[in-house]
Amino acid sequence: MSETSILVVENFIGGKFVSCQEFIDSYDPSTGEVYCKVPDSGKEEVEAAVAAAKEAFPEWSARSPEQRAKVLNKLADLIEANLEEFARAESRDQGKTVAFAQLVDIPSSAYNFRFFASSILHHTTDCSQMDHTGCLNYTIRCPVGVAGLICPWNFPLCLLTWKIAPAIAAGNTVVAKPSEMTSVTAYMLCRLMKEAEVPPGVVNIVFGTGPKAGDALVGHPDVPLISFTGSTATAQRITERSAPYCKKLSLELGGKNPAIVFADADLEQCIQTTLRSSFANQGEICLCTSRIYVERSIFSEFLEKFVAAAKKWRIGAPQDPNNDSGALISKEHQEKVHSYVALAKSEGGIIHCGEGVEKLDLPECNKNGYFMRPTVITGISDNSRVMQEEIFGPVTCVSPFDTEDEAISRSNDVKYGLGASVWSKDVSRVHRVTRQLQAGMVWSNCWMVRDMNLPFGGMKRSGVGREGAKDSYHFFTEVKSVTIQY
């Protein structure tokens, strides 16, 4: 696709591309210009996709795990073979840098298929013997049926494949709805399905908005489970819509993730990692650090060095390999993030760098893009909306603390509980603090180091359920207990 042509995306249903009557404009975040038309699908398109998935389910679920794994590995091979094309498309669609997509998004997408192709071969079931009754008990796990998958816009292909891979590995068929703002790499993935020998109907992708396509999918009686990644507010609506059908739900939601920096931390490593955990991918990561609590004795030193490092974070054209971040996803989201900075300023907060403080020098072609510099704020009360609500942008607040108990209490004093970081060389303290933090994932002296065998998910309003090798397998299957008397 040339830089000036308009790409028209089509739904992928039953192994075929299907045109839609209505479309949504999709913008290039780095220029603010429309470059893509995305189907504005609704009930009719979802009905067709669910029907195709239901038809494909008996044959696909009857295949052995080894046969299904072979197909997943082919998809991984094809993504890797087209890595550069996928990375450039993801960058243009989402706003992130090409370099970040090359390093993170696309390799992770291929690995998702490869990982679940392997893990599906190694699950075991339970067995117990009751000699006094002459009975043998064991469990089996069966695929559920048609899985509804709803994916966000911050890691479009990565999080789509993170859901598709375990679902189809377990023998389900799927109807997926990517974000209407980032649909292109999902569309490109559809083009690989035939070559990977994915049977028609096993993977169906319907593009459109949440209120139309998403609602039709969540409310469909023949879709028994929904896996959703996105906002807590949307998850509440999904829960309400699913309740009449008693659907299985996996909800990976927002975060307001703290980092606790103790005086004995390796400050150089901490600052470099926390800079990345605060501002990587334009701060549009559910696990980004948005609250940094620093022990008072090193607070001034940390703040000075952290602000200096943030000022060196390079913002600009996503195609430039020298830039650390690209553009925010949309004009509306940019304005939302800006509003939190304005609120902090109105409440007496100090803006040390970033929005409203530093000038953003952009190439002429990017002047209308949705860019924002990393912003560091101090002097904000823990009760402020800035400290309580998920901003989902390159904004982080730094506050001093005096005691360990205070740091833990303040870290836990939000409605979210997704991730947290603890920086200290004291191993006993790390274990003690980690145990008390209300977060589904805690990193110590690092960030975003992931073993996909382990659970991914949050506490409180950060989600319901977990994802990962075993957890995803359990979600995408139903367990059946069998008792045989001999």
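To keep things clear, this report deals only with the structure shown in the data block. (Residues numbered from 1 in each chain as written. Predicted model: local features only at pLDDT ≥ 70, side-chain atom pairs only at ≥ 80, totals over all residues. Heavy atoms only, no water.)

1. Observations concerning the layout of surface pockets
Here the largest pocket is characterised by a volume of approximately 1,100 Å³. Taken together, 41 residues form the lining of the largest pocket, with W153, F228, G230, S231 and T234 sitting closest to its centre. Elements with a minimum of two residues in the lining of the largest pocket: α7 (210-218), β11 (225-229), α8 (232-242) and α11 (331-346). Considering each element in turn, the lining of the largest pocket owes the most residues, seven residues, to α8. Of the residues contributing to the lining of the largest pocket, the split by class is 17 nonpolar, 13 polar and 11 charged. Computed from the structure, the second largest pocket encloses a volume of approximately 850 Å³. (1 Å grid on protein atoms, 1.4 Å probe; cavity = no way out; pocket = protein on both sides within 12 Å on 5 of 7 lines; lining within 4 Å. Points joined across faces, edges and corners; volume = space filled by probe spheres on them. Helix = DSSP H or I, 4+ residues; strand = E, 2+ residues; numbered from the N terminus. Nonpolar A, V, L, I, M, F, W, Y, C, P; charged D, E, K, R; others polar.)

2. Side note on the packing of helix α3 (residues 83-94) against helix α4 (residues 98-119)
With their axes 8 Å apart at the nearest point, α3 and α4 run at an angle of 115 degrees to one another. Of the two elements, α3 crosses α4, and the hand of that crossing is right-handed. Where α3 abuts α4, its residues L83, E84, F86, A87, R88, E90 and S91 lie against V98, A101, Q102, D105, I106 and P107. Taken together, the residues of the contact of α3 with α4 sort by class into seven nonpolar, two polar and four charged. (Axes fitted to C-alpha atoms, helices over the stretch in contact; angles between N-to-C directions. Left-handed = near helix turned anticlockwise from the far one by under 90°. Contact = heavy atoms within 4.5 Å.)

3. Some remarks on the pattern of salt bridges
The final tally for this structure, using the stated rule, is 23 salt bridges. Of the charged contacts, one joins R114 and E80 as a salt bridge, the two residues approaching to 2.9 Å between their closest N and O atoms. You can see R114 sitting in helix α4 and its partner E80 sitting in helix α2 (residues 65-81), a full 34 residues away along the chain. Accessibility expressed as a relative area gives 27% for R114, which makes it partly exposed. Of the charged contacts in the structure, one is a salt bridge between D382 and R410, with a shortest N-O distance of 2.6 Å. Residue D382 is found in the loop between β16 (375-378) and α12 (385-388), and its partner R410 is found in helix α13 (residues 404-412); the two are separated by 28 residues along the sequence. Taking relative accessible area as the criterion, D382 reaches 16% and is therefore assigned buried. (Salt bridge = Lys/Arg side-chain N within 4 Å of Asp/Glu carboxyl O. Buried < 20%, exposed > 50% of the residue type's maximum accessible area, 1.4 Å probe, protein only.)

4. Points about empty space enclosed by the protein
Going through the model one piece at a time under the given rule, you end up with five cavities of 30 Å³ or more. Within this model, the largest cavity holds a volume of roughly 100 Å³. Around the largest cavity, the lining is made up of 15 residues, and of these G283, C288, S290, E390 and F392 lie nearest the centre. Looking at side-chain class alone, the lining of the largest cavity contains six nonpolar, seven polar and two charged residues. In this structure, the second largest cavity spans a volume of roughly 60 Å³. Around the second largest cavity, the lining is made up of 15 residues, and of these P258, Y416, G417, G419 and Q438 lie nearest the centre. Broken down by secondary-structure element, the contributors of at least two residues to the lining of the second largest cavity are β13 (257-261), α13, β18 (416-417) and β19 (419-423). The residue inventory of the lining of the second largest cavity, partitioned by class, reads seven nonpolar, six polar and two charged.

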